[in-house]
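Observations on the three-dimensional arrangement
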Amino acid sequence: MTNTTTGAVRAARHGAALVPGGTFRMGSAHFYPEEAPVRTAVVADLWVDEHPVTNAAFRRFVKATGHITVAEQPPDPAAVPGADPGLLVPGSLVFVPTAGPVPLNDWTLWWRWVPGADWRHPEGPGSTLHGRDLHPVVHVAHADAVAYASWAGRRLPTEPEWEHAARGGLDQATYVWGEDPAPRGRIMANHWYGRFPWENLHPHGFERTSPVKRFPANGYGLYDVTGNVWEWTATAWPSFPDDAGDTASHHPSCCAPAAEQLDEDARRVIKGGSHLCAPSYCLRYRPAARQGQAVHSSTSHLGFRCVIDA
Ligand SMILES: [Cu+2]
């Protein structure tokens, strides 16, 4: 390999860690039905982004390509039959904490459709990315993530690739760092502390998303794999034969705001949980956790990371 080639390869893999492929046990039998059964999966060697794509990186992409995200475009009336035309404006779903305890089986109490919410305005008009260059980009639909990945010469991981990388070499551990939710009292991820969805104690200092790489890396040198933001994958939902349809809607979840709102038949698996996942509630900041997300939907707690074939 010439020096030029070596340099190009190095540049192409900038910010990615080489995750050795192999066989691993995927899923979990101890939590939600859609994570079971535990099964064996095989993945190849793969370069995986060390952290979710940041606002700064996404801004470079938008500057270079002029890309306009799904959330910045008015919804297609045909895709939302019967919708109030007044609601067919650009916007996205924003988490808004409640004033006090609420029934946890109704996500509409804490997810609000906010006109003007998009990746540059994470809480809607008036909010900015000031001080958030290194936070994961949010309010990106599946097509936005795919467009970024292809611009960057990368692609989205499949669910097995994502989960294998997230596990960091630990076989069937509950968390990506092991079994102890907080080893020696250490906060390992940006997840929700307090009673959801009103008491946000944020002992780590972050009310919503946090800058990438603020919490310990996993065994493969990957950061923010669980907590902070959910991440899109390339895998369709439902994706394996034991999925008896829409299991995720049968129990409460802080994390599925858009599943039945838009195109029901086009969903992708999202992984990793987010800053909204509470130990006392959804507990989805685990490598086995998964949800189906409508491809056209975007929210304030969903981003992505890319991979490169080795
Ligand atoms: Cu959650």
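Source: prediction; values computed, not measured. (Residues numbered from 1 in each chain as written. Predicted model: local features only at pLDDT ≥ 70, side-chain atom pairs only at ≥ 80, totals over all residues. Heavy atoms only, no water.)

Here we come to the overall build of the protein chain. In terms of helices and strands, the protein chain carries 4 helices and 11 strands. Burial analysis of the protein chain (310 residues in total) assigns 52% to the buried set. Restricting the contact set of the protein chain to residue pairs at least 6 apart, pairs at least 24 apart contribute 73%. (Helix = DSSP H or I, 4+ residues; strand = E, 2+ residues; numbered from the N terminus. Buried < 20%, exposed > 50% of the residue type's maximum accessible area, 1.4 Å probe, protein only. Contact = heavy atoms within 4.5 Å.)

What follows is about the side chain of asparagine 55. Along the chain, the position of asparagine 55 falls in helix H2 (residues 55-65). Residues contacting asparagine 55, with those up to four places away along its chain left out, are Trp119, Leu129, Arg132, Asp133, His135, Pro136, Val137 and Val138.

Here the structure, examined in full by the defined rule, presents 16 salt bridges. Two residues, glutamate 163 and arginine 167, come together in a salt bridge whose shortest N-O distance is 3.0 Å. Separated by 4 residues within a single helix, glutamate 163 and arginine 167 lie in helix H4 (residues 159-167), roughly one turn from each other. Each of the two residues, glutamate 163 as well as arginine 167, counts as buried. A salt bridge links glutamate 199 to arginine 195, with the shortest nitrogen-to-oxygen separation between them at 2.9 Å. Three or more residues joined by partner-sharing salt bridges are found here, namely Glu159, Glu163, Arg167, Lys271 and Arg290. (Salt bridge = Lys/Arg side-chain N within 4 Å of Asp/Glu carboxyl O.)

Turning next to the sheet that holds strand E9 (residues 290-294). Reading across the sheet, the 4 strands line up as E9-E8-E7-E10 and stay open at both edges, with mixed pairing between neighbours. If you trace the sheet from one side to the other, it starts and ends with E9 and strand E10 (302-303), each paired once. Pairing analysis gives 3 bridges linking strand E7 (residues 230-236) to strand E8 (residues 267-271), with the strands arranged antiparallel. The partner of alanine 236 across the bridge, within E8, is arginine 268. Contacts from H4 reach E7, E8 and E9 within the one sheet, and its direction differs from that of E7 by about 140 degrees. (Pairing = 2+ DSSP bridges. Axes fitted to C-alpha atoms, helices over the stretch in contact; angles between N-to-C directions.)

The omega angle of the peptide bond from alanine 36 to proline 37 is -5 degrees, so this bond is cis rather than trans. Following the sequence through the fold, proline 37 ends up in the loop between strand E2 (22-26) and strand E3 (39-43). Along the chain, phenylalanine 196 connects to proline 197 via a cis peptide bond; the corresponding omega equals -5 degrees. A positive phi angle is found at histidine 202, which is not glycine, with a value near 25 degrees. Tracing the backbone shows histidine 202 in the loop between H4 and E7.

Let us look at the sheet that holds strand E4 (residues 46-49). Consider a sheet: its strands pair through backbone hydrogen bonds, and that pairing is either parallel or antiparallel. Taken in spatial order, the 3 strands line up as E1-E4-E11 in an open sheet, and their pairing is antiparallel. Only two strands of the sheet have a single partner each, and these edge strands are strand E1 (16-19) and strand E11 (307-309). On average, each strand axis in the sheet is tilted by 25 degrees relative to the strand beside it, whichever way the strands run. Here E4 pairs with E11 via 3 bridges, running antiparallel. Across the sheet, residue tryptophan 47 finds its bridge partner in E11, namely isoleucine 308.

Turning our eyes to something else, we now look at the pairing of E3. Side chains of E3 alternate between two faces, with Arg39, Ala41 and Val43 buried and Thr40 and Val42 left unburied. Alignment of E2 against E3, held across 5 bridges, turns out to be antiparallel. Considered in E3, the bridge of methionine 26 is made with arginine 39.

Turning to the confidence of the model for the protein chain, a few remarks are in order. The predicted model of the protein chain has a mean per-residue pLDDT of 90, with 87% of residues at 70 or higher. This model gives residues 241-253 a pLDDT under 50, and the stretch forms 25 contacts once residues within four places in sequence are excluded. Residue range residues 258-264 is modelled with pLDDT below 50. Its contacts to residues more than four positions away, or to other chains, number 16 contacts. (pLDDT = per-residue confidence, 0-100.)

Here a ring pair, both rings aromatic, is described through the centre-centre distance and the interplanar angle of the planes. Per the counting criterion, the structure on display carries 17 aromatic pairs. Between tyrosine 148 and phenylalanine 304, the ring centres sit 5.5 Å apart and the planes meet at 70 degrees, which makes this aromatic pair edge-to-face. Of this pair, tyrosine 148 sits in helix H3 (residues 142-151) while phenylalanine 304 sits in the loop between E10 and E11; the two residues are 156 residues apart in sequence, bridging distant segments of the chain. The class of tyrosine 148 is buried, set by a relative accessible area of 9%. Its relative accessible area of 0% is what places phenylalanine 304 among the buried residues. One aromatic cluster is present, built from ring pairs that chain together Phe58, Phe61, Trp119, Tyr148, Trp151 and Phe304. Taking the ring centre of tyrosine 32 as reference, the NZ or CZ of arginine 284 above it sits at 3.7 Å. The side chain of arginine 286 reaches across the aromatic face of phenylalanine 31, ending 3.8 Å from its centre. (Phe/Tyr/Trp six-rings, centres within 6.5 Å; stacked < 30°, edge-to-face > 60°. Lys NZ or Arg CZ within 6 Å of the ring centre and 35° of its normal.)

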